[in-house]
Amino acid sequence: MRKYVHAAAAATLVMGMAATAQASIISVSGPNSNLGSAAAIISAPADVTDDAATNSGQQGFDEKQGVTLGSALSVDGGTIAAGTEVDSHMIFFNTQGTTYGSHTNVVWVFSADILGVMSDSSGTLEAASSALLGAPGTIYPGSFGARGMEGSDAYTISGNTLTVNMFVTEPGDWIRVITASGGAGPTNVPEPASLALLGLGLAGLGLARRKKKA
């Protein structure tokens with residue numbers, strides 16, 4: 001009986017290890033927007049075309065995880081090399097209609113280092129990568145004027161932390177953040193053969209304990 005208990009423990013351990021293989025937004029902090037709203041982490045909206053998803057303060061959500069780049073990926077000021085495994089996230093501030101919004105010094109923390117950001121004014125970089133990196137089931141637009149950052153909008157990167165200033169009327173600001181995949185990395189997830197050995201090892205531990213008591 002103990003053998004099965006240990007096998008279940010092995011499965012739980014493996015599930016926990018696999019869960020850490022994604023890099024997520026883990027926290028957000030900073031002052032409220034001029035509209036009185038705090039920044040928030042949300043689930044991916046069903047639709048992120050203009051005016052489909054609106055808010056009164058910055059919001060962020062995780063997109064696709066564990067994507068291995070088949071070719072170099074363009075981001076602000078450069079590229080991320082082909083073969084890199086990445087996770088994707090989006091941050092946006094999009095008020096209803098032409099309502100003016102400002103939300104500054106918002107600090108987003110990710111569970112892995114930031115490799116690049118897509119924030120060009122027209123959203124061209126974002127639009128070009130949505131099929132590869134966008135959240136499954138979410139509708140994304142093509143590029144259009146002022147979808148990204150412009151004017152006084154700005155961000156700074158420090159390791160796994162992104163500090164964002166956004167000022168919006170119509171349309172809002174949408175940026176894609178690319179992080180290394182999985183925080184500690186996908187190599188921490190055991191291969192199937194390793195999982196079998198792990199299960200056998202724990203089962204053997206149960207048998208050894210039974211024999212010692214006999």
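Residues numbered from 1 in each chain as written. Predicted model: local features only at pLDDT ≥ 70, side-chain atom pairs only at ≥ 80, totals over all residues. Heavy atoms only, no water.

Asker: Would you mind going over the sheet that holds strand β11 (residues 161-168) in detail, with residue names and values included?
Answerer: Overall, antiparallel pairing links the four strands, which are arranged β1-β8-β11-β10 in an open sheet. Each edge of the sheet is formed by a strand with only one pairing partner; in this case those strands are β1 (25-29) and β10 (154-158). Averaged over neighbouring strand pairs, the angle between their axes works out to 20° when direction is ignored. Relative to β11, strand β8 (residues 101-110) runs antiparallel, the two being bridged by seven bridges. Bridge pairing in β11 places Val-109 opposite Thr-161. (Pairing = 2+ DSSP bridges. Helix = DSSP H or I, 4+ residues; strand = E, 2+ residues; numbered from the N terminus. Axes fitted to C-alpha atoms, helices over the stretch in contact; angles between N-to-C directions.)

Asker: So, the pairing of strand β3 (residues 59-62): which residues are in play, and what are the values?
Answerer: Two elements, strand β2 (residues 40-41) and β3, share two bridges in a ladder whose sense is parallel. Among the inter-strand pairings, Ala-40 is bridged to a residue of β3, identified as Gln-59. Direction of pairing for β3 relative to strand β7 (residues 85-93): antiparallel, over a ladder of four bridges. Among the inter-strand pairings, Gln-59 is bridged to a residue of β7, identified as Phe-92.

Asker: Please provide a residue-by-residue account of the side chain of Ser-37, values included.
Answerer: Along the chain, the position of Ser-37 falls in the loop between β1 and β2. Of note is the side chain of Ser-37, whose polar atom sits 2.4 Å from the side chain of Ser-56. When sequence neighbours within four positions are dropped, the list of residues in contact with Ser-37 reads Asn-32, Ser-56, Gly-57 and His-103. (Polar contact = N/O pair within 3.5 Å; in protein donor to acceptor, adjacent residues only side chain to side chain. Contact = heavy atoms within 4.5 Å.)

Asker: Go over the environment of Asp-51 with me, naming the residues and quoting the values.
Answerer: Looking at the element boundaries, Asp-51 is found in the loop between β2 and β3. Once the C-alpha coordinates of Asp-51 and Pro-171 are considered, the two residues, 120 residues apart in sequence, prove to be 7.9 Å apart. Discounting residues that sit within four places of it in the chain, Asp-51 has contacts with Asn-94, Thr-95, Gly-97 and Glu-170.

Asker: Can you explain the packing of aromatic side chains? Please cite residues and give values.
Answerer: This structure, assessed with the given rule, holds two aromatic pairs. A centroid spacing of 6.2 Å and a plane angle of 70° characterise the contact between Phe-61 and Phe-92, whose relative ring orientation is edge-to-face. With a gap of 31 residues between them, Phe-61 in strand β3 and Phe-92 in strand β7 connect regions that are remote in the sequence. Accessibility classification places Phe-61 together with Phe-92 in one group, the buried group. A centroid spacing of 4.2 Å and a plane angle of 5° characterise the contact between Phe-92 and Trp-174, whose relative ring orientation is stacked. Taken together, the residues Phe-92 in strand β7 and Trp-174 in strand β12 (residues 173-180) connect sequence positions 82 residues apart. A relative accessible area of 1% means that Trp-174 is categorised as buried. (Phe/Tyr/Trp six-rings, centres within 6.5 Å; stacked < 30°, edge-to-face > 60°. Buried < 20%, exposed > 50% of the residue type's maximum accessible area, 1.4 Å probe, protein only.)

Asker: Account for the side chain of Asn-94, with residues named and values stated.
Answerer: Of note, Asn-94 is situated in the loop between β7 and β8. Residue classification places Asn-94 among the buried positions, given a relative accessible area of 0%. Within the structure, Asn-94 has its side chain in polar contact with the backbone oxygen of Ala-53 (distance 2.9 Å). Leave out the neighbours within four places in its chain, and Asn-94 touches Asp-50, Asp-51, Ala-53, Thr-54, Asn-55, Pro-171, Gly-172 and Trp-174.

Asker: Lay out the pairing of strand β9 (residues 114-118) with the relevant residues and their values.
Answerer: In terms of burial, β9 is largely enclosed, as four of its five residues are buried. Inspection of the sheet shows β9 paired to β12 by four bridges, in the antiparallel sense. Along β12, the bridge assignment pairs Ile-114 with Thr-179.

Asker: Any chance you could break down the nonpolar core for me, citing the residues and the numbers?
Answerer: In terms of nonpolar packing, the biggest core is built from 16 residues, with Ile-91, Trp-108, Phe-110, Leu-162 and Ile-175 touching the most fellow members. No other element matches the four residues that β11 contributes to this core. Among residues more than four places away in sequence, those in contact with Leu-162 are Ile-91, Val-106, Val-107, Trp-108, Phe-110, Ile-114, Val-117, Tyr-155, Thr-156, Ile-157, Ile-175 and Val-177. Counting nine residues, the second largest nonpolar core, distinct from the first, contains Val-67, Leu-73, Met-118 and Ile-178. (Core = buried A, V, L, I, M, F, W, Y, C linked by side-chain atoms within 4.5 Å.)

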